[in-house]
Amino acid sequence: MEDPVIKSALEIAMEKIARMPKLTPEETTEQQEREYKPRGEAIASKYMGSMLKVADLDTELNKYHGAERELVKKAILLSLMPSISMEDNEKSQRAIAGMKMLAPKVDLEEISTEVSAIFAEFHQEKERKYSIHEAVEQEKLRQLGIAGSA
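Since the model is a prediction, treat every value here as computed from it, not as a measurement.

## Some points on the overall build of the chain
A count of helical and extended segments in the chain gives six helices and zero strands. Reading the chain from its N end, one meets helices and strands in the order α-α-α-α-α-α. Counting only C-alpha atoms and orienting by the principal axes, one finds that the chain spans roughly 100 × 40 × 30 Å. A buried classification covers 20% of the 150 residues belonging to the chain.

## Notes on the pattern of salt bridges
According to the stated counting rule, one finds nine salt bridges in the structure shown. With its nearest N and O atoms 3.5 Å apart, the salt bridge here joins arginine 39 to glutamate 35. With arginine 39 and glutamate 35 both in helix α2 (residues 25-48), this residue pair falls four residues apart, about one helical turn. Judged by relative accessible area, which is 33%, arginine 39 ranks as partly exposed. Taking relative accessible area as the criterion, glutamate 35 reaches 40% and is therefore assigned partly exposed.

## Thoughts on the packing of α2 against helix α4 (residues 66-80)
Between α2 and α4, whose axes approach to 7 Å, the crossing angle comes to 50 degrees. By the angle class used here, α2 and α4 are oblique. Note on packing geometry: the crossing formed by α2 with α4 is right-handed. Touching Gln32, Glu33, Tyr36, Lys37, Gly40, Glu41, Ile43, Ala44, Tyr47 and Met48 of α2 are Glu68, Leu71, Val72, Lys74, Ala75, Ile76, Ser79 and Leu80, all from α4. Of the residues assigned to the contact of α2 with α4, the class counts are 10 nonpolar, three polar and five charged.

## Focus: helix α6 (residues 109-143)
For α6, which comprises 35 residues, the first-to-last C-alpha distance of 51 Å matches the rise-based estimate of 51 Å (1.5 Å per residue) to within 8%. Regarding α6, the residues found buried are Ser112, Val115 and Phe119. Considering only its buried residues, α6 is in contact with α5 (89-102). Just downstream of α6, glycine 145 is the residue with a positive phi angle, here 85 degrees.

## Focus on unusual backbone geometry
We note that serine 50 has phi near 65 degrees; this positive angle belongs to a residue other than glycine. Relative to the assigned elements, serine 50 resides in the loop between α2 and α3 (54-61). Judged by relative accessible area, which is 55%, serine 50 ranks as exposed.

## Quick look at the packing of aromatic side chains
A complete count under the given rule lists one aromatic pair for this structure. On the basis of an interplanar angle of 85 degrees and a centroid distance of 6.0 Å, the ring pair of tyrosine 36 and tyrosine 64 is categorised as edge-to-face. Taken as a pair, tyrosine 36 in helix α2 and tyrosine 64 in the loop between α3 and α4 lie far apart in primary sequence, 28 residues in all. Here the two residues tyrosine 36 and tyrosine 64 agree in accessibility, since each one is buried.

## Observations concerning a nonpolar patch on the surface
Judged by side-chain polarity, Leu10, Met14, Ile17 and Met20 come together as a nonpolar surface patch covering roughly 430 Å² of accessible area. Summarising the element assignment, isoleucine 17 is placed in helix α1 (residues 4-19). Residue isoleucine 17 is classed as exposed on the basis of its relative accessible area, which comes to 51%.

Calculation rules
Residues numbered from 1 in each chain as written. Predicted model: local features only at pLDDT ≥ 70, side-chain atom pairs only at ≥ 80, totals over all residues. Heavy atoms only, no water. Helix = DSSP H or I, 4+ residues; strand = E, 2+ residues; numbered from the N terminus. Buried < 20%, exposed > 50% of the residue type's maximum accessible area, 1.4 Å probe, protein only. Salt bridge = Lys/Arg side-chain N within 4 Å of Asp/Glu carboxyl O. Axes fitted to C-alpha atoms, helices over the stretch in contact; angles between N-to-C directions. Parallel < 35°, antiparallel > 145°, perpendicular 65-115°, else oblique. Left-handed = near helix turned anticlockwise from the far one by under 90°. Contact = heavy atoms within 4.5 Å. Nonpolar A, V, L, I, M, F, W, Y, C, P; charged D, E, K, R; others polar. Expected span 1.5 Å × (residues − 1). Phe/Tyr/Trp six-rings, centres within 6.5 Å; stacked < 30°, edge-to-face > 60°. Patch = residues over 30% accessible without salt bridge, like charges linked within 9 Å, V, L, I, M, F, W, Y side chains within 5 Å. Areas by Shrake-Rupley, 256 points an atom, 1.4 Å probe, with all protein chains shown as cover.

If you want it as structure tokens, here you go:
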């Protein structure tokens, strides 16, 4: 025999739930994105930290199905994009390789080539500016009477 107080409390709770407004499709999508975004970010972080290989991205993604899979995939792609930078070509190429695996229909080869070319040009210019700056500073030191590796 059930306790009537507990039963009535349960009934009250169920009535309150029944009166709650239903989520709109947009709200449902937002809620799902909030739930699955951290999962995709974690996968991308593991991949960029070299704990996962390119093929492992697909394995991780296969743990999800339907809309969940697409949300996780989107979160991974969005997390990989900021990894493309002029400071670290290897990291950029790793991010692009992951993006290629996740979105094979998108032609990222041209982007990869451009990133490499821009990276090389950026570092050549950086070295050139450094050499100019170094020469100016050495001239200043020479004028002060400081010579050699002092």
